[in-house]
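Each chain, written out:
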Amino acid sequence: MADLDDFLSDSAALFGGAQEDDGTIQYGPLVLTPAPKANTLLADHLFSPSLLLAELLERGIISFLLNSTSFTLVVELGAGCALPSLLSSTLSGRSPCLAVITDYPDETIMKNLSANVERNRPNFDKECTVHVCGYEWGCDVAPLLNIAEQHSLKDRAFDIVVMSDLLHFDGSHDVLLKSLLSLLRRDPSARAYIAAGKYTLPHVCEHFVSEAVKAGIILDEQEVESVWKGQLRVSGGGLDREQLGTRKGMSRWWVGRWANP
């Protein structure tokens, strides 16, 4: 696993330099708070990959609406502040039908995640339903699939799975992959959007990519420009466009699809 100091330096660049800051991050209409120091994992930080995915969503480089006639169902694993999922729910005309936002079932983590959702609910597109669920990777996905079934015209599965900055948990690659395989709809249009910080060592990322290929998921790495091109206002922790571009450039991302749907 990559050094914890690398993770903390990434979030420190967001929060550490602003003594008068109230601890929130604003992205467009969203107001988000990281969890107070959680007992498990790293949900008390907002990392660069979430900012990257949010900017790509804002610009329409990636979409959580697969096509104009489908009811797209999205699930985010290990969501932390849930920036990508929550932003997608505000994009009128481009929001998914359903966004299920999950994180480790720790009381501190879930309380903050639920607060982020409720605080921003007035901004959600009226066509998008947002659920919050505690979920530990590798465990039974039936509760998540049951939610999907209530909104699906197809089978019990999700069209899009989001995994932002989870690959550094290298000892959990097997359970992460198990969850991905269990949740992603077996369809040519189904996609996984996976992002990682460059502080996650290359061989750790490549291990997940190779294991995914063995399991039948192809992960195509995409290019990243170290220039912030989003137009929505982003603030908190002294963020400016130069810092946002730096954070974006510290990230990698992949688009996943079934090799044989």
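These remarks concern the structure in this document. Just so you know, these numbers come straight off a predicted model, no measurement behind them.

### Quick notes on the overall build of the chain
Then, in step 1: Scanning the chain from N- to C-terminus turns up eight helices and ten strands.
Then, in step 2: The burial tally for the chain puts 54% of its 261 residues in the buried class.
Then, in step 3: Residue pairs at least 24 apart in sequence account for 80% of intrachain contacts in the chain once pairs closer than 6 positions are excluded.
Then, in step 4: A total accessible area of about 10900 Å² is found for the chain, and carbon and sulfur atoms account for 50% of it.

### Here's the deal with the pattern of salt bridges
Then, in step 1: The final tally for this structure, using the stated rule, is eleven salt bridges.
Then, in step 2: Here K248 makes a salt bridge to E55, at a shortest N to O gap of 2.8 Å. Taken as a pair, K248 in helix α8 (residues 241–249) and E55 in helix α2 (residues 48–59) lie far apart in primary sequence, 193 residues in all.
Then, in step 3: Given a relative accessible area of 2%, K248 falls into the buried group.
Then, in step 4: Owing to a relative accessible area of 0%, E55 belongs among the buried residues under this scheme.
Then, in step 5: Sharing partners across several salt bridges, the network here consists of E55, R59 and K248.

### Digging into the pairing of strand β6 (residues 160–164)
Then, in step 1: Judged by how many residues are buried, β6 sits mostly within the fold: five of five residues are covered.
Then, in step 2: Burial of the side chains of β6 extends over both faces: I160, V162 and S164 are buried on one face and V161 and M163 on the other.
Then, in step 3: With four bridges joining them, strand β3 (residues 73–77) and β6 adopt parallel strand pairing. Bridge assignment links L77 to a residue of β6, and that residue is M163.
Then, in step 4: Pairing geometry for β6 and strand β7 (residues 191–197), over five bridges, is parallel. When the sheet's bridge partners are listed, V161 is paired in β7 with A192.
Then, in step 5: Note that the unit made of β6, helix α6 (residues 173–183) and β7 has a crossover that is right-handed.

### Structural notes on α6
Residues spaced three or four apart along an α-helix face the same direction, because each turn holds 3.6 residues.
Then, in step 1: Along α6, the positions that sit buried rather than exposed are H173, L176, L177, S179, L180 and L183. The buried residues of α6 all sit within an arc of 160° when viewed along its axis, so they share a single face.

### Notes on the packing of aromatic side chains
Then, in step 1: Evaluated as defined, the whole model comprises three aromatic pairs.
Then, in step 2: Here F64 and Y193 contribute two aromatic rings whose centre-to-centre distance is 6.0 Å and whose plane-to-plane angle is 20°, an arrangement assigned as stacked. Note that F64 is positioned in the loop between α2 and β3 and Y193 in strand β7, a separation of 129 residues in sequence.
Then, in step 3: In this structure, R186 packs its charged tip against the face of W258, placed 3.7 Å from the ring centre.

The rules behind each value
Residues numbered from 1 in each chain as written. Predicted model: local features only at pLDDT ≥ 70, side-chain atom pairs only at ≥ 80, totals over all residues. Heavy atoms only, no water. Helix = DSSP H or I, 4+ residues; strand = E, 2+ residues; numbered from the N terminus. Buried < 20%, exposed > 50% of the residue type's maximum accessible area, 1.4 Å probe, protein only. Contact = heavy atoms within 4.5 Å. Areas by Shrake-Rupley, 256 points an atom, 1.4 Å probe, with all protein chains shown as cover. Salt bridge = Lys/Arg side-chain N within 4 Å of Asp/Glu carboxyl O. Pairing = 2+ DSSP bridges. Right-handed = clockwise from strand over helix to strand, strands pointing away. Arc of directions from axis to C-beta. Phe/Tyr/Trp six-rings, centres within 6.5 Å; stacked < 30°, edge-to-face > 60°. Lys NZ or Arg CZ within 6 Å of the ring centre and 35° of its normal.

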